[in-house]
Amino acid sequence: MFRYFPTNYVWNLSVDLAIEMGARIGEIEEMCAPLQEAARQPDAAGTAAFRETWSRMADKLCGLAAEDEARGRLLSAGEKYGRAATYLITCERLQAHGAPGRLELYRRFLGVFAKGVTLARENCERVEIPYEGAHIAGLLVRADGVEGRAPLLVQVNGLDSTKEMKYRVGLPAWLARRGISSLVIDQPGSGEALRLHGLTARYDSEHWASRVVDWLETRADVDPKRIGLEGVSLGGYFCPRAVAFEPRFACGVAWGANHDWRDVQKKRLQKEGSFPVPHYWAHVRWVWGAKDQDDFERIAEDVHLDGILDRIRVPFLVTHGEKDSQIPLHWAERTFEHLVNSPKRELKVFTDREGGAQHASFDNSINAGQYIADWVAETLSGCTS
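Residues numbered from 1 in each chain as written. Predicted model: local features only at pLDDT ≥ 70, side-chain atom pairs only at ≥ 80, totals over all residues. Heavy atoms only, no water.

A.B. asks: Which parts of the structure should I look at to understand the nonpolar core?
C.D. replies: One broad trend across soluble globular proteins is that nonpolar side chains are buried collectively. Counting residues in each nonpolar core, the largest one holds 56 residues, and the members touching the most others are Val154, Leu183, Leu216, Phe249, Trp261 and Trp288. Ignoring any residue separated from it by four or fewer positions in sequence, one finds Trp288 in contact with Leu159, Thr200, Ala201, Arg202, Tyr203, Leu234, Phe238, Trp261, Phe296, Ile299 and Val303. Membership of the second largest hydrophobic core comes to 49 residues, among which are Ala18, Leu88, Cys91 and Phe109. (Core = buried A, V, L, I, M, F, W, Y, C linked by side-chain atoms within 4.5 Å. Buried < 20%, exposed > 50% of the residue type's maximum accessible area, 1.4 Å probe, protein only. Contact = heavy atoms within 4.5 Å.)

Following this line, the structure appears as structure tokens:
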């Protein structure tokens, strides 16, 4: 794990995620060098300083991109806007719920990201799936070289990621080369669903996952018999739960298992395990729509997979980092053990040898991500060569 800040796991996690999304080391140095003292400050003061330097870099890149546009250099402009968007979501993610300007920062991020995708001519289309009087927003990435109906992997966030973050890390591109399309969504409790529509997380993830499958089945470019589901981090709970109760999914992947999230919260109350974001307890109450801490703890009691996974009768891959400091490895082993009726179950533990040994492989995602891409391609009849 790259540790720029010796005393701040949450900030190191953010920097590493930015690197995985394509941040440049010279820009990271420029943004982070002034923050060593701020990294030791309380959350409110520290995250304000983090936002200032990272958003300033985004401003600079947007200015440079505008100069490229003026000269007709649209591909270069698109790349810079894309990187600026990465820096904007990185600092937005660290702000407290309700922090002044956070929503405006998020809206700006969405606009900059979309402009970058368009100018760079990326294989990425925004889609909107009707849900509960609003919609679930997604990014659709089409399989390379596939005519007609292609297999597709739906990909969902964890507690504090967004569809754009997952897209930038690279799994959709790796799948596209293997003949698999992707739909990366902001499910309730994450991204646009939470920030713009007030759609909070729910333990019965099949409720929204089934609506996504309904929508995919209407598309002429998707093979309805070859739709899989992948979830990262807390998505390692949402995904197995949804696959268990939605039999139309052809396979499932947990990129970082999360078998018993209620137990993780109890341990965190006892100061065990690392937090993924500052202002953690306020953040989880916002994500789950809890009125107060007692209400959140009541909600968390339902967020576990015990007594559920024997319903899964399709192939399932469970991955985990050997050194995960947020979710202990034994929860991945528990999920694997409970997949008793899966015809093709696998537990893959990523170690220092191949990288990806930290939580959800944020320390080095490429080997882990391509392992997942190969497994999905082999399972949904894509290609690996």
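A.B. asks: Got a minute to help me understand empty space enclosed by the protein in this structure?
C.D. replies: Which parts of space are left empty comes out when a probe the size of a water molecule is rolled across the atoms. Tallied over the full model, the rule gives 4 cavities of 30 Å³ or more. Put simply, the largest cavity is a space of about 410 Å³. Sorting the residues of the lining of the largest cavity by element identifies α1 (9-20), α6 (163-169) and α11 (261-269) as the ones contributing at least two each. A per-class count over the lining of the largest cavity returns 15 nonpolar, 8 polar and 5 charged. What the second largest cavity holds in volume is close to 40 Å³. Lining the second largest cavity are Arg93, Leu94, Gln95, Ala96, His97, Arg102, Val277, Pro278, His279 and His283. (1 Å grid on protein atoms, 1.4 Å probe; cavity = no way out; pocket = protein on both sides within 12 Å on 5 of 7 lines; lining within 4 Å. Points joined across faces, edges and corners; volume = space filled by probe spheres on them. Helix = DSSP H or I, 4+ residues; strand = E, 2+ residues; numbered from the N terminus. Nonpolar A, V, L, I, M, F, W, Y, C, P; charged D, E, K, R; others polar.)

A.B. asks: Can you help me understand unusual backbone geometry in this one?
C.D. replies: Leaving glycine out, the prevailing phi sign among residues is negative, and the prevailing peptide bond configuration is trans. A positive phi angle is found at Arg121, which is not glycine, with a value near 55°. Mapped onto the fold, Arg121 is located in the loop between α5 (102-119) and β1 (125-131). Here the phi dihedral of His279 falls at roughly 50°; this positive angle occurs in a residue that is not glycine. Relative to the helices and strands, His279 resides in the loop between α11 and α12 (280-288).

A.B. asks: For this particular structure, what's the right way to read the pattern of salt bridges?
C.D. replies: One side chain can pair with another of opposite charge once the charged atoms of both are near each other. Taken as a whole, this structure holds 37 salt bridges when the rule is applied. A salt bridge links Lys266 to Glu301, with the nearest nitrogen and oxygen atoms 3.3 Å apart. A residue pair is termed long-range when its members are at least 10 positions apart, and Lys266 in helix α11 and Glu301 in the loop between α13 (293-300) and β7 (316-321) qualify at 35 residues. Note on Glu301: relative accessible area 34%, which makes it partly exposed. (Salt bridge = Lys/Arg side-chain N within 4 Å of Asp/Glu carboxyl O.)

A.B. asks: Can you help me understand the sheet that holds strand β6 (residues 251-255) in this one?
C.D. replies: Neighbouring strands of a sheet are bound in pairs by backbone hydrogen bonds; such pairs are parallel or else antiparallel. The 8 strands are arranged β1-β2-β4-β3-β5-β6-β7-β8 in an open sheet whose pairing can be described as mixed. Where the open sheet ends on each side, the last strands, each with one partner, are β1 and β8 (345-350). Neighbouring strand axes in the sheet, compared pairwise and without regard to direction, differ in orientation by 20° on average. This element, helix α9 (residues 206-216), spans β1, β2 (134-141), β3 (150-156), β4 (181-185) and β5 (222-232) of the sheet and lies at about 120° to β1. (Pairing = 2+ DSSP bridges. Axes fitted to C-alpha atoms, helices over the stretch in contact; angles between N-to-C directions.)

Everything listed here is a matter of geometry and, on its own, says nothing about what the molecule does.
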